[in-house]
Each structure stands twice: as C-alpha cells, then as structure tokens.
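# Report on the structure
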Amino acid sequence: MRALQILFLTVLLSIPYLVSAQKINTIDTLNCPISQNELLLKGKNFASAPPILLRVFNENFEYSVLQFGKRENKIYLYFKIFTDNVCVKQKQPLELYFKTGEMYVLKNSYSVNCDGTAIIQLRRRDFKKLMNNSINSIKFFTLKKDYEFSPNSKDNQNIKEYLNCLKLYKIKKR
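To keep things clear, this report deals only with the structure shown in the data block. Along every chain, residues carry numbers that run from 1 in the direction the sequence is written. At least 70 in pLDDT is required for a residue's local features to be given in this predicted model, at least 80 for side-chain atom pairs to be given and counted, and no such filter applies to totals for whole chains, interfaces and linings, which use all residues. Side-chain metrics rest on all non-hydrogen atoms present in the structure, leaving aside hydrogens and water.

Moving on to the overall build of the chain. The way it works is that DSSP assigns letters per residue, a run of H or I at least four long becomes a helix, a run of E at least two long becomes a strand, and they are numbered from the N terminus. Helix and strand counts for the chain stand at four helices and ten strands. Tracing the chain from N to C terminus, the helices and strands come up as α-α-β-β-β-β-β-β-β-β-α-β-β-α. For the exposure calls, accessible area comes from a 1.4 Å probe over protein chains only, and a residue counts as buried if that area is under 20% of its type's maximum, exposed if over 50%, partly exposed in between. Looking at the chain as a whole, 37% of its 174 residues qualify as buried. Contact definition: two residues touch when any of their heavy atoms are within 4.5 Å. Contacts in the chain between residues at least 24 apart in sequence constitute 58% of all its contacts with a sequence separation of at least 6. Accessible area of the chain: about 11200 Å², with a carbon and sulfur share of 55%. Here, Shrake-Rupley sampling with a 1.4 Å probe gives the accessible areas, and only protein chains in the shown set may cover a residue.

So, on to the nonpolar core. Formed by 37 residues in total, the largest nonpolar core has its most connected members in Phe 68 and Phe 79. Here this core gets five residues from one element, more than from any other, and that element is helix α4 (residues 153-168). Leave out the neighbours within four places in its chain, and Phe 79 touches Leu 54, Ser 64, Val 65, Leu 66, Leu 94, Gly 116, Thr 117, Ala 118, Ile 138, Phe 140 and Phe 149. To define a nonpolar core, start from buried Ala, Val, Leu, Ile, Met, Phe, Trp, Tyr and Cys residues and group those joined through side-chain atoms within 4.5 Å.

Any two strands with at least two DSSP bridges between them are considered paired. Across the sheet, four strands lie side by side as β7-β6-β9-β10; this open sheet has antiparallel pairing. Each having just a single partner strand, β7 (103-107) and β10 (146-149) make up the two edges of the open sheet. The sheet shows a mean angle of 20 degrees between the axes of neighbouring strands, direction not considered. Taken together, the four bridges between strand β9 (residues 135-141) and β10 define a ladder with antiparallel strand orientation. Residue pairing in the sheet places Phe 141 in a bridge with Asp 146 of β10. Fitted lines through C-alpha atoms give the axes, limited to the stretch in contact for helices. The angle between two N-to-C directions lies from 0 to 180 degrees.

Both cavities and pockets are sets of points on a 1 Å grid over the protein atoms alone; in a cavity a 1.4 Å probe fits but cannot get out, in a pocket the set is open with protein on both sides within 12 Å along at least five of seven lines, and lining residues sit with an atom within 4 Å of a point. Grid points are joined across faces, edges and corners, and a volume is the space filled by probe spheres set on the points. Per the stated rule, a full pass over the model turns up one cavity of 30 Å³ or more. Taken as a whole, the largest cavity encloses approximately 30 Å³ of empty space. Leu 66, Phe 68, Leu 77, Leu 96, Leu 106, Leu 130, Ile 135, Ile 138 and Ile 159 together form the lining of the largest cavity. Elements with a minimum of two residues in the lining of the largest cavity: β4 (63-71) and β9. Grouping the amino acids of the lining of the largest cavity by side-chain chemistry returns nine nonpolar, no polar and no charged. Side-chain classes follow a simple rule in which Ala, Val, Leu, Ile, Met, Phe, Trp, Tyr, Cys and Pro form the nonpolar group, Asp, Glu, Lys and Arg form the charged group, and the remainder, Gly included, forms the polar group.

Turning our attention to unusual backbone geometry. Unlike most non-glycine residues, Asn 85 shows phi in positive territory, near 55 degrees. You can call Asn 85 exposed: its relative accessible area is 53%. In the Ramachandran plot, Lys 91 falls in the positive-phi region, its phi being about 75 degrees despite a non-glycine side chain. Mapped onto the elements, Lys 91 comes out in the loop between β5 (74-81) and β6 (93-98).

The next subject is helix α3 (residues 124-132). Every buried residue of α3 is accounted for by Asp 126, Phe 127 and Leu 130. Projection of α3 onto a plane perpendicular to its axis shows the buried side chains occupying an angular sector of 100 degrees, all on one side. In α3, the exposed residues that point more than 90 degrees away from the buried face are Arg 124, Arg 125 and Asn 132. Here, the arc refers to the directions that run from the helix axis to the C-beta atoms.

Turning next to the pattern of salt bridges. A pair is scored as a salt bridge if a Lys or Arg side-chain nitrogen falls within 4 Å of a carboxyl oxygen belonging to Asp or Glu. This structure, assessed with the given rule, holds four salt bridges. Between Lys 44 and Glu 72 there is a salt bridge; the shortest N-O distance is 3.0 Å. Taken as a pair, Lys 44 in strand β2 (residues 44-48) and Glu 72 in the loop between β4 and β5 lie far apart in primary sequence, 28 residues in all. Taking the relative accessible area as the measure of exposure, Lys 44 reaches 34% and is therefore partly exposed.

If you want it as structure tokens, here you go:
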C-alpha cells in the first residue's frame, strides 16, 4: 500500500513537468506552407506563403499573382500582373468585392512602377476583413486598363489559411 502511495505521489508531482515538456507551438499543429530562405528584403528577413495565381476575367493569357508575406511583425499583400508595361501609381486602389456584396478598398503603398506591382501592408482591420469574408472579385486599376479577377473557393480558402499561418509564424533570424 505504501509503495502504491509513493508511486501515485511521484506521478502526481511529475505531471507539471510532463505538460511543460510537451508544449506545442501552435504553428506546428497547422499544415503551414510558409517558407523563409536566406534572402533579405531591404536588409531584413522575411517569410512568404505560396503564390495564388489568378487569371484576368474575360482574358485568355493574362495572369496575376496574389501572395502574402511577412517582414518583422507586419503582413503584406503582394499583387503583380504579368503583362508588359502595366503602370501602377502609389495609392492606386485594389478593390475587393466580397460575396456579401460589400466592397473593400486596399491602397498600394509601393512606389510608382510600370511592372504591374502593388504592395499593401495589411492593417489589423484589413486582416480581419480578409479572414471573415470570401472574395467574389478583385478589381485592380492601372493607368491604361482596369483588371478584374474572380478568385474561386479554393483561392479563398488558401487566403485564409496563408494569413493565419503568417500571423502565427515567427521570423527566424539568420
């Protein structure tokens, strides 16, 4: 009986150590396809999610890529159209139309360029809006032409997954 009491007491006292030894990082429980390599972005480490390829609505051979990345503790949306000479002004809007009918505007913070690139630092409210809604269409305005994209349900699922993964991801210092 005494041996049983000692065994019970030993197990009871070791439980906190077992629990603390098994602490699981939240990102490890998710299947996150986030990658970080040795390259630096403006001298700082960064991580990125896989790109989401979107076809221009009513066009056969015009595509864009939507990708999320993280630098320091900030999450960015990168948007690029793969068409020559697509000029984008700073503050040029990227309009998101959600399945609820609501329109939401994100503004390009990247400098003026003619390579079809927009970069938007997502604020907390932008992040929440993207996590809580599904995008029906995206309109991207450039100097010569306006482009429209229609993400499908898989794209919307990936957007939410990638944002969640980036939120939890800790940038590794190299």
